[in-house]
Amino acid sequence: MIKEVKTQVNVGVEVDVLWKAFGKDLKDIVPKMMPNLVKDADMLEGDGGLNTVYIFNFGPDIKTMTYQKERVTEFDEFVHRIGLEVIEGGHLNHGFSHYKTTFQFTSTGEQETLIDVTISYESQVEVDTMPSTLVFIKHMENFLMNGAT
């Protein structure tokens with residue numbers, strides 16, 4: 001049975017900057033903002049939009065996984081919504097048969113965005129997957145607030 005966990009987080013980054021980072025620039029930004037976690041990333045298929053396939057090769061701080069492939073299963077520029085589903089490696093090698101993270105970005109001010117995060121997963125064991133996602137969001141916020149691209 002597929003389970004869902006949801007949360008919201010406010011970040012001090014303009015919605016369009018955040019959308020570009022999660023959409024078109026994801027493969028370039030993630031290794032720069034977390035080099036010990038993700039040593040490199042590549043776009044295997046697509047252009048950053050719907051059905052794009054990414055591969056993230058993990059760095060030295062992740063001992064239990066070497067890589068993870070993810071497909072963009074939702075991509076709506078109008079409402080700033082992106083869904084990334086793990087299709088190979090990573091979480092799927094650690095007890096999950098389904099793992100998808102959806103981010104919905106809503107502008108709440110000139111330099112502020114509310115991110116609604118939904119993680120849907122199927123696993124034989126009960127796990128709390130949200131902390132690593134929130135750490136990822138904070139890394140992204142810090143990276144973008146410091147003007148790095």
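Per-chain numbering applies: the sequence of each chain, read as written, is numbered from 1 onward. At least 70 in pLDDT is required for a residue's local features to be given in this predicted model, at least 80 for side-chain atom pairs to be given and counted, and no such filter applies to totals for whole chains, interfaces and linings, which use all residues. Side-chain figures throughout are based on the complete set of non-hydrogen atoms in the structure, without hydrogens or water.

- Under an unreviewed UniProt entry, the name given to the protein chain is Bet v I/Major latex protein domain-containing protein, and the organism recorded is Salix brachista.
- UniProt positions are given in the numbering used here, feature names are shortened, and annotations may be inferred rather than shown by experiment. Its UniProt record gives the protein chain a comment under Sequence similarities (unreviewed entry), which states: "Belongs to the BetVI family."

Notes on the overall build of the protein chain
Piece 1. Labels follow the DSSP assignment, with helices taken as runs of H or I lasting at least four residues and strands as runs of E lasting at least two, numbered in each case from the N terminus. What the protein chain contains, in helices and strands, is three helices and seven strands.
Piece 2. Reading the protein chain from its N end, one meets helices and strands in the order β-α-α-β-β-β-β-β-β-α.
Piece 3. C-alpha extents for the protein chain along the principal axes are approximately 40 × 30 × 25 Å.
Piece 4. Every one of the 149 residues in the protein chain was classed for burial, and the buried ones make up 46%.
Piece 5. A contact between two residues is defined here by any heavy atoms of the two lying within 4.5 Å. A separation of at least 24 residues holds for 49% of the contacts in the protein chain among residues at least 6 apart in sequence.
Piece 6. To be clear on the numbers: accessible area is Shrake-Rupley with a 1.4 Å probe, and residue cover counts the displayed protein chains and nothing else. Counting only carbon and sulfur atoms, one obtains 51% of the accessible surface of the protein chain, whose full area is about 7700 Å². A simple rule labels every residue: compare its accessible area, found with a 1.4 Å probe on the protein chains alone, to the largest value its type can have, and call it buried under 20%, exposed over 50%, or partly exposed in between.

Notes on the environment of L134
Piece 1. One can find L134 in helix α3 (residues 130-145).
Piece 2. As a C-alpha pair, L134 and T102 span 32 residues in sequence and 13 Å in three-dimensional space.

Observations concerning helix α1 (residues 15-22)
Piece 1. Those residues of α1 that fall on the buried side of the exposure criterion are V15, L18, W19, A21 and F22. Along α1, the residues classed as buried sweep out an arc of 160° about the axis, all on the same side. In this context, the arc is that of the directions from the helix axis out to the C-beta atoms.

Describing the pattern of salt bridges
Piece 1. Within this document, salt bridges are pairs made up of a side-chain nitrogen of Lys or Arg and a carboxyl oxygen of Asp or Glu, the two lying within 4 Å of each other. Throughout the structure, instances matching the rule amount to eight salt bridges.
Piece 2. With a closest N to O distance of 3.8 Å, K6 and E4 form a salt bridge. You'll find K6 and E4 in the same group, each marked exposed.
Piece 3. Two residues, E88 and K69, come together in a salt bridge whose shortest N-O distance is 3.6 Å. Linking E88 in strand β5 (residues 81-89) with K69 in strand β4 (residues 67-76), this pair joins segments that are 19 residues apart in sequence.
Piece 4. You can call E88 partly exposed: its relative accessible area is 32%.

Some thoughts on the packing of aromatic side chains
Piece 1. Pairs were defined over the aromatic rings of Phe, Tyr and Trp, the Trp ring being its six-membered one, requiring ring centres within 6.5 Å. Orientation was assigned from the angle between planes: stacked under 30 degrees, edge-to-face over 60, tilted for the rest. As enumerated under the stated definition, the model contains nine aromatic pairs in all.
Piece 2. For the ring pair Y54 and F56, a centre distance of 5.8 Å and an interplane angle of 35° mean the geometry is tilted. We note that Y54, like F56, is buried.

Observations regarding the layout of surface pockets
Piece 1. Think of a 1 Å grid over just the protein atoms. A cavity is a set of points where a 1.4 Å probe fits yet cannot get out, a pocket is an open set with protein on both sides within 12 Å along at least five of seven lines, and lining residues have an atom within 4 Å of a point. Grid points are joined across faces, edges and corners, and a volume is the space filled by probe spheres set on the points. For the largest pocket, the calculated volume is near 610 Å³.
Piece 2. Considering the residues around the largest pocket, the lining is formed by 24 residues, among which Q68, E70, H91, S132 and F136 are closest to the centre.
Piece 3. Contributing elements (two or more residues each) for the lining of the largest pocket: α2 (26-33), β3 (53-58), β4, β5, β6 (96-109) and α3.
Piece 4. Residues are grouped as follows: Ala, Val, Leu, Ile, Met, Phe, Trp, Tyr, Cys and Pro are nonpolar; Asp, Glu, Lys and Arg are charged; all remaining types, including Gly, are polar. Partitioned by chemical class, the residues of the lining of the largest pocket number 16 nonpolar, six polar and two charged.

A word on unusual backbone geometry
Piece 1. Non-glycine residue N51 carries a positive phi angle of around 70°.
Piece 2. Here N51 lies in the loop between β2 (38-45) and β3.
Piece 3. Phi angles above zero are rare outside glycine, and H80 is one such case at about 55°.

Some words on the side chain of T102
Piece 1. Along the polypeptide, T102 turns up in strand β6.
Piece 2. When residues no more than four places from it in sequence are discounted, the contact partners of T102 are E74, R81, I82, G83, D116, V117 and T118.

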